[in-house]
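Descriptive structure summary
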Amino acid sequence: MCGRYALFRWNRDFAALPGFPADQQAQWNISPNDSVLMLRAEADGQRTLARARWGLTPPWLTDLSRTPAHARAETVAEQPMFREALRLRRCLLPANGFYEWRGNLRKRPYWLTPGEGSSLFFAAIWEAYPVQEQVWLSTAVITQPAASQRRPLILDEAGQAAWLDPATPLHVLQGLLASEPAALRERVLANLVNDPKLNGPECLTPG
């Protein structure tokens, strides 16, 4: 399961998008419940960025200890928690890569990315949760089976455009949800990244 990812590098065009936070800092070890950047399309097609909590919080939710960080690609269209957000509130989470732990007795961390210096976008859904006069945004990553793991659904440029377009029909979305897992490079890491409080380039220390 993708429980951690990183966003520490972005280009000038990305930083010029409306909503890019002036105080945005590199995030080397993003965990569920952290504040993350999400990319959405407005009604006029303009792409904008916003901060959201990684853990979906629908406005009807009463138990805030149960806010899922993930939604399965195979069932997201049917699950009551997710189906309306899939239809109406789709977004992308930008990343440079994500972490994966493998092994039986002693799990080892791996870093997965399309390539050095690359960026990628996870398919995700979002919700708004009103609290008094403020509205909080939240999000969940769509995951798909990959080997013995579950990994984020990573979309190419055409897939990103279709995912963000509110007019994309359900059968096209279902095709994206059933996409083959993206080809990724992987590298075994030292155990420093096991500490969720660590937020620095040492997270990527080779193992």
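Note: the structure precedes this text.
Report follows, based on the coordinates. Source: prediction; values computed, not measured. (Residues numbered from 1 in each chain as written. Predicted model: local features only at pLDDT ≥ 70, side-chain atom pairs only at ≥ 80, totals over all residues. Heavy atoms only, no water.)

What to know about the environment of Y99
Mapping Y99 onto the fold places it in strand 7 (residues 97-102). A sequence separation of 13 residues divides Y99 from L112, and the C-alpha atoms of the two residues are 6.2 Å apart. Residues contacting Y99, with those up to four places away along its chain left out, are R4, Y5, A6, W28, N29, Y110, W111, L189, V193, C203 and L204. Of note is the side chain of Y99, whose polar atom sits 2.6 Å from the backbone oxygen of W28. (Helix = DSSP H or I, 4+ residues; strand = E, 2+ residues; numbered from the N terminus. Contact = heavy atoms within 4.5 Å. Polar contact = N/O pair within 3.5 Å; in protein donor to acceptor, adjacent residues only side chain to side chain.)

Here's the deal with the packing of aromatic side chains
Under the definition given, this model contains 9 aromatic pairs. Between F14 and F20 the ring centres are 6.0 Å apart and the planes differ by 80 degrees, which places this aromatic pair in the edge-to-face class. On the accessibility criterion, F14 (10% relative accessible area) is buried. Consider the rings of Y99 and W101, whose centres lie 6.3 Å apart with planes at 50 degrees: the pair is tilted. Among the residues examined, Y99 registers a relative accessible area of 0% and is labelled buried. Given a relative accessible area of 21%, W101 falls into the partly exposed group. Taken together through their ring pairs, the aromatic side chains of F8, W28, Y99, W101 and W111 make up a single cluster. In this structure, R40 is placed above the aromatic ring of W126, and the distance from its NZ or CZ to the ring centre is 4.5 Å. Between the NZ or CZ atom of R90 and the centre of the ring of W163, over which it lies, the distance is 6.0 Å. (Phe/Tyr/Trp six-rings, centres within 6.5 Å; stacked < 30°, edge-to-face > 60°. Buried < 20%, exposed > 50% of the residue type's maximum accessible area, 1.4 Å probe, protein only. Lys NZ or Arg CZ within 6 Å of the ring centre and 35° of its normal.)

Section: helix 4 (residues 170-177)
Residues of helix 4 that are buried include every one of L173, L176 and L177, and no others. Burial along helix 4 is one-sided: seen end-on, the buried residues are contained in an arc of 100 degrees. Buried residues along helix 4 sit against helix 2 (83-88), strand 6 (90-95), strand 10 (134-146) and helix 3 (157-164). (Arc of directions from axis to C-beta.)

Points about the pairing of strand 8 (residues 108-113)
Two elements, strand 7 and strand 8, share 5 bridges in a ladder whose sense is antiparallel. Residue pairing across strands places F98 opposite L112, the latter belonging to strand 8. In this antiparallel pair of consecutive strands, strand 7 and strand 8, the connection spans 5 residues, and G103 shows a positive phi of 125 degrees. Pairing analysis gives 4 bridges linking strand 8 to strand 12 (residues 185-188), with the strands arranged antiparallel. Residue pairing for strand 12: Y110 is matched across the bridge by V188. (Pairing = 2+ DSSP bridges.)

So, the packing of helix 3 against helix 4
As a packed pair, helix 3 and helix 4 sit with axes 10 Å apart at the nearest point and diverge in direction by 140 degrees. If you check the angle between helix 3 and helix 4, you find them oblique. Between helix 3 and helix 4 lies a crossing of left-handed hand. Each of G159, A162 and W163 in helix 3 lies in contact with helix 4, whose residues at this interface are L173, L176 and L177. Class assignment for the residues of the contact of helix 3 with helix 4 results in 5 nonpolar, 1 polar and no charged. (Axes fitted to C-alpha atoms, helices over the stretch in contact; angles between N-to-C directions. Parallel < 35°, antiparallel > 145°, perpendicular 65-115°, else oblique. Left-handed = near helix turned anticlockwise from the far one by under 90°. Nonpolar A, V, L, I, M, F, W, Y, C, P; charged D, E, K, R; others polar.)

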